[in-house]
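# An overview of the molecular structure
Chain by chain, the residues:
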Amino acid sequence: MHVLIVGAGLMGLTTAFFLRRAGAEVTVIDRQSGPGRETSFANGAMLHASQANPWNEPGVLWTALRMIGREDAALLLRPRALPGMWRWGLDFVRHSRPTRYLRNFERNAHLARYSLAEMGGIRAVVGGDYDAQHCGTMKLFRTPDEVAGAARLCAQLGAWGIQHEVIDAAGAVAREPALAPIEDQLAGGLFFPQDESGDAQRFCALIADWLSAQGVSVRYGLSVLGLRPQSDRAPVVMTREGELSADAVVLAAGSYSPQLAESVGLRIPVVPVKGYSLTLPLNGWQEGPRMPVIDDHLHAAVCPLGDRLRVAGTAEFAGHDLALTPARINNLFGLVSKLYPAFRPWLRPELATRWTGLRPMSSDGVGIMGRTPVPGLFLNTGHGHLGWTMAAGAGHLVADEITGQAPALPHEVYHLSRFTRANRD
Ligand SMILES: Cc1cc2nc3c(=O)[nH]c(=O)nc-3n(C[C@H](O)[C@H](O)[C@H](O)COP(=O)(O)OP(=O)(O)OC[C@H]3O[C@@H](n4cnc5c(N)ncnc54)[C@H](O)[C@@H]3O)c2cc1C
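Just so you know, the residues in each chain are numbered from 1, in the order the chain's sequence is written. Reporting in this predicted model follows two pLDDT cut-offs: at least 70 for local features of residues, and 80 or more for side-chain atom pairs to be given and counted; totals over whole chains, interfaces and linings ignore these cut-offs and use all residues. By convention in this description, side-chain values take in all heavy atoms of the structure and omit both hydrogens and water.

On to the site of the ligand, then. Any residue with a heavy atom positioned within 4 Å of a molecule or strand is treated as near that molecule or strand. Taken together, 36 residues lie around the ligand, and Asp30, Ser40, Gly44, Met46 and Thr389 are the ones closest in. Contacts described as polar in this section are N or O atom pairs within 3.5 Å, which, within protein, must combine one atom able to donate a hydrogen with one able to accept it, while residues neighboring in sequence count only if both atoms come from side chains. Interatomic distance of 2.8 Å between a backbone N/O atom of Gly384 and an oxygen atom of the ligand. Between the ligand and His385, the relevant distance is 3.0 Å, taken from a nitrogen atom to a main-chain nitrogen or oxygen of the residue. Protein burial of the ligand: of its 1000 Å² of free accessible surface, 97% is covered by the chains. Elements supplying a minimum of two residues to the shell around the ligand: helix H1 (10-21), strand E14 (270-281), strand E18 (353-362) and helix H10 (387-403). Each helix is a run of H or I in the DSSP string that is no shorter than four residues. Each strand is a run of E no shorter than two, and both are numbered from the N terminus. In terms of residue count, the dominant contributor to the shell around the ligand is E18 (four residues). Residue classes follow a fixed rule: Ala, Val, Leu, Ile, Met, Phe, Trp, Tyr, Cys and Pro count as nonpolar, while Asp, Glu, Lys and Arg count as charged, and any other residue, Gly among them, counts as polar. Across the shell around the ligand, the residue classes tally to 16 nonpolar, 16 polar and four charged. Method for areas: the Shrake-Rupley scheme with a 1.4 Å probe, in which residue coverage is limited to the protein chains shown.

Laid out in structure tokens, this is it:
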């Protein structure tokens, strides 16, 4: 069986990995010059099953309306993006109803847990270093009410096998001594022992190298223009250099999957949600942070990656615009200085790598995977803020479905068909 995968980001490459392991012939194509060069390039670096809750939580409509056009908002809605996303937006709000939100949260939690278990399997085969850490993550809050609210949410996670521990400010500093200068500002937080972290782009590169060594053709610099349907066979993939065909095609093109799917008449409810990151050398700061931390108040995620610090945050609905807005980047410099004031003397903005990427966000907050109504066409996209967390599990589920293996999770709930009128509740 020959499978053609469009996209050499986290989703395309993990799918290729499990397909190759199952004995399939695989080709991966990507328009960039190497693996993981778009959204999988410099994300928040956390594999956090603890953050499996969809962003469209109950009440999200009012939060979003309050933030329209506000430059300082954590969730920024640029008015120019609105006309192109009204349909997605209605569905996003529809899924914020408590019963749907909880159901989607649970789907994410099961996939995230499975995915973290599957990471070990990939690591054992591809080897190599991607600045991985297995020390858990911590989420910090500034008021006791916020700690209590988050702990209630996490009790739900516990029921799905994702553990947490409520900690006070002293407990947070004991786990991360670099927080000592702001201990008096913290009310406490939550510690999630099962979470991991690591550099997603380096992980992509390790898988891509392994695939090449296994004889998989990984072709870079090749743009897909669209798909051409065939009546009872997988669609033909039209590229700048001609047409390619295979027994099955996997669309894992991140935030660009909807445009490509449109060419075969499929509507995929995914929109880009822009985020920013900074990668800062520690410059010899010996007392630097040891563990990944999310600061709820600052809306920032800060993760040590070897001798670097990754700072990620903000969510912006701005279409496919990849401009590096200076105010947003400066905001990230401000956030890391507030979280780790002791870093200021070591912080060299001129050495920072500034980056922006587009989270492919589905309208119900759950990734869209597996078969489609188009014969031979499979999806692995829409994982939003959880793509690094879900990559190994999603890749394995999609590969199992293509090769006819029994999947570890009931995979139908992740299919595109859940959005069709007949299946909507
Ligand atoms: C700021 C930020 C922080 C984040 N932090 C985290 C985090 O801490 N934890 C977490 O779990 N997730 C995080 N995420 C989300 C995660 O990074 C994404 O969900 C994930 O990278 C998406 O992977 P992907 O393979 O679907 O998309 P991509 O990585 O974008 O891969 C898609 C690939 O398809 C290729 N492609 C697209 N169109 C075409 C075409 N026409 N022809 C050929 N090739 C094409 C692209 O070149 C690209 O390589 C974060 C995202 C952002 C933006």
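Now for empty space enclosed by the protein. Definitions used throughout: a 1 Å grid over protein atoms alone; a cavity as a set of points that fits a 1.4 Å probe which cannot get out; a pocket as an open set with protein on both sides within 12 Å along at least five of seven lines; a lining residue as one with an atom within 4 Å of a point. Grid points are joined across faces, edges and corners, and a volume is the space filled by probe spheres set on the points. Summed over all chains, the structure comprises one cavity of 30 Å³ or more. Space inside the largest cavity adds up to approximately 30 Å³. In this structure, the largest cavity is lined by Met369, Gly370, Leu397, Val398, Glu401, His411, Tyr414 and His415. When residues of the lining of the largest cavity are traced back to their parent elements, those giving at least two are strand E19 (368-371) and H10. Residue contributions to the lining of the largest cavity peak at three residues, all from H10. The class makeup of the residues in the lining of the largest cavity is four nonpolar, three polar and one charged.

What follows covers the side chain of Arg107. The residue Arg107 is located in helix H4 (residues 98-126) in this model. Although Arg107 is buried, it makes no salt bridge; Asp364 carries the closest opposite charge, 5.0 Å away. Every residue pair with non-hydrogen atoms within 4.5 Å of one another is taken to be in contact. Not counting residues up to four positions away in its chain, the partners in contact with Arg107 are Val366, Val413, Tyr414 and Arg418. Relative accessibility thresholds used throughout: buried, under 20% of the residue-type maximum; exposed, over 50%; partly exposed, between the two (1.4 Å probe, protein chains only). Within this scheme the basic residues Lys and Arg register as positive and the acidic residues Asp and Glu register as negative, but His and the chain ends are omitted. Here a salt bridge means any side-chain nitrogen of Lys or Arg lying within 4 Å of a carboxyl oxygen belonging to Asp or Glu.

Our next topic: the packing of H4 against helix H5 (residues 144-159). Two measures define how a pair of helices packs: the angle their axes make with one another and the distance between the axes. Every axis in this analysis is a line fitted to C-alpha atoms, fitted for helices over the stretch in contact. Angles between the N-to-C directions lie between 0 and 180 degrees. In contact at an axis separation of 10 Å, H4 and H5 are set at 55° when each is read in the N-to-C sense. If you check the angle between H4 and H5, you find them oblique. As H4 runs across H5, the sense of the crossing is right-handed. Contacts from Tyr101, Leu102, Phe105 and Ala109 of H4 reach H5 at Leu153, Gln156 and Leu157. To sort the angles, those under 35 degrees are grouped as roughly parallel, those over 145 as roughly antiparallel, those from 65 to 115 as roughly perpendicular, and the leftovers as oblique. Note on convention: near helix rotated counterclockwise from far helix by under a right angle means a left-handed crossing. Clockwise means right-handed.

Stacked, edge-to-face and tilted labels apply to pairs of Phe, Tyr and Trp rings (six-membered ring for Trp) whose centres lie within 6.5 Å, assigned for plane angles under 30 degrees, over 60, and everything in between, in that order. This model, assessed by the stated rule, comprises eleven aromatic pairs. On the numbers, 4.9 Å between centres and 45° between planes, the contact of Phe17 with Trp210 is tilted. Here Trp210 lies in helix H7 (residues 200-213) and Phe17 lies in helix H1, a separation of 193 residues in the sequence. Looking at Trp210, the relative accessible area reads 13%, which means it is buried. Relative to Trp388, the ring of Tyr130 lies with its centre 6.1 Å away and its plane at 70°, an arrangement referred to as edge-to-face. Here Trp388 lies in helix H10 and Tyr130 lies in the loop between H4 and strand E5 (137-141), a separation of 258 residues in the sequence. As far as burial versus exposure is concerned, Tyr130 and Trp388 are alike and both buried. One aromatic cluster is present, formed by Phe17, Phe18 and Trp210 through successive ring pairs. When the ring centre of Tyr256 is taken as reference, the NZ or CZ atom of Arg31 above it lies at 4.2 Å. If you follow Arg175 out to its NZ or CZ, it ends over the ring of Phe191, 3.8 Å from the centre. As a reminder, the over-ring test applies to NZ of lysine and CZ of arginine, requiring each to be within 6 Å of the ring centre and within 35 degrees of the ring normal.

As far as function goes, none of this settles anything; it's purely spatial.
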